[in-house]
Amino acid sequence: MGAEIKELYKALQRFIDRKQKMHIPLEQDDDDVIIANAFDELEQLREENKRLREALQSLANDIDSLINNSDGVAGLHLNGEVAPWADILPGGEFEQWLYSLEAAEKILEGGGA
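Residues numbered from 1 in each chain as written. Predicted model: local features only at pLDDT ≥ 70, side-chain atom pairs only at ≥ 80, totals over all residues. Heavy atoms only, no water.

Participant: Any chance you could explain the pattern of salt bridges here in plain terms?
Facilitator: If charged atoms from side chains of opposite charge come close, those side chains can pair. Following the criterion strictly, the structure yields one salt bridge and no others. Close ionic contact of E102 with K106 constitutes a salt bridge, the shortest N to O distance being 3.9 Å. Placement of the pair is E102 and K106 together in helix 4 (residues 99–110), with a separation of four residues, close to one helical turn. Under the relative-accessibility criterion, E102 is labelled partly exposed at 29%. Taking relative accessible area as the criterion, K106 reaches 55% and is therefore assigned exposed. (Salt bridge = Lys/Arg side-chain N within 4 Å of Asp/Glu carboxyl O. Helix = DSSP H or I, 4+ residues; strand = E, 2+ residues; numbered from the N terminus. Buried < 20%, exposed > 50% of the residue type's maximum accessible area, 1.4 Å probe, protein only.)

Participant: Just to check I follow, could you spell out helix 4 for this structure?
Facilitator: For an α-helix, 3.6 residues make a turn, and residues three or four places apart therefore share a direction. If you check helix 4, its first and last C-alpha atoms are 17 Å apart, about what twelve residues at 1.5 Å a residue would give, namely 16 Å. All of the buried residues along helix 4 are L101, A104 and L108. All buried residues of helix 4 project into a common sector of 60 degrees when viewed along the axis, lining one side. When the buried face of helix 4 is taken as reference, the exposed residues oriented beyond 90 degrees from it are K106, E109 and G110. (Expected span 1.5 Å × (residues − 1). Arc of directions from axis to C-beta.)

Participant: Can you walk me through the nonpolar core in this structure?
Facilitator: What tends to happen in soluble globular proteins is that the nonpolar side chains get buried as a cluster. One finds A60, I67, W85, I88, L98, L101 and L108 forming the largest nonpolar core, which totals seven residues. Looking at this core, the elements that each hand over two or more residues are helix 2 (31–68), helix 3 (85–88) and helix 4. (Core = buried A, V, L, I, M, F, W, Y, C linked by side-chain atoms within 4.5 Å.)

Here it is, written out as structure tokens:
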């Protein structure tokens, strides 16, 4: 899907560039205005996607740093013992607690949703 959006983005950019080069004004009720507005909205969505991906990457990095610099989670089992990360990460008894981290890493690695 990401490739389709990129192609649409490029096609819209070429269309608008041609209109501007030919000095064709965009009428307020013209389909060209609708397309130009869609192009603007697509650009805003791309910028928001970039900001969200950066925030997600930062969060994943913070969690990785926490995991790499600690032995586990104290008090997790409410018995005073430290629950090791091996119990919480994929393959551990409580791996479902960090499924969202694994999903986030897959999104960041693949560049898509």
